[in-house]
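Each chain is listed here by its residues.
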Amino acid sequence: MVEYGNGVGQVAGKVAGSSGGGQSVDMGASVSRFLTDSVHTISTLPPAYLVVGAVILFLGLMFLRRAF
């Protein structure tokens, strides 16, 4: 049915070799959603948590510098 323009519509969203039940994973959307959720979580934190997080990050970087 490709000659009638139905080739893409019939196979879109199906996993090759699957007998049904499988979903295709859009890695770009997954990474984008992860980054968006992370930024949203950080932007909604109170200032005290942000300061504590910055101190922990700084101490972690100092520890890695001494370890390597």
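Here is what the cut-offs are and how they apply
Residues numbered from 1 in each chain as written. Predicted model: local features only at pLDDT ≥ 70, side-chain atom pairs only at ≥ 80, totals over all residues. Heavy atoms only, no water. Helix = DSSP H or I, 4+ residues; strand = E, 2+ residues; numbered from the N terminus. Buried < 20%, exposed > 50% of the residue type's maximum accessible area, 1.4 Å probe, protein only. pLDDT = per-residue confidence, 0-100. Patch = residues over 30% accessible without salt bridge, like charges linked within 9 Å, V, L, I, M, F, W, Y side chains within 5 Å. Areas by Shrake-Rupley, 256 points an atom, 1.4 Å probe, with all protein chains shown as cover. Salt bridge = Lys/Arg side-chain N within 4 Å of Asp/Glu carboxyl O. Expected span 1.5 Å × (residues − 1).

**Let's talk about the overall build of the chain**
Then step 1. Each helix and strand counted, the chain has three helices and zero strands in total.
Then step 2. Start at the N end of the chain and walk to the C end: the helices and strands fall as α-α-α.
Then step 3. Taken over 68 residues, the chain has a buried fraction of 0%.

**Topic: the confidence of the model for the chain**
Then step 1. For the chain, per-residue confidence averages 80 on the pLDDT scale, and 68% of positions sit at 70 or higher.
Then step 2. Within the chain, the lowest mean pLDDT, 57, falls on helix 1 (residues 7-11), and the highest, 94, falls on helix 3 (residues 47-67).

**A short note on a nonpolar patch on the surface**
Then step 1. A surface patch of nonpolar side chains, amounting to about 480 Å² of accessible area, comprises Val 51, Val 55, Phe 58, Leu 59 and Met 62.
Then step 2. Summarising the element assignment, Leu 59 is placed in helix 3.

**Thoughts on helix 3**
Three- or four-residue spacings in an α-helix give side chains the same orientation, since the helix completes a turn every 3.6 residues.
Then step 1. Over its 21 residues, helix 3 runs 30 Å from end to end, which matches the ideal 30 Å to within 8%, given 1.5 Å per residue.
Then step 2. Of all 21 residues in helix 3, zero are buried; the element is thus mostly exposed.

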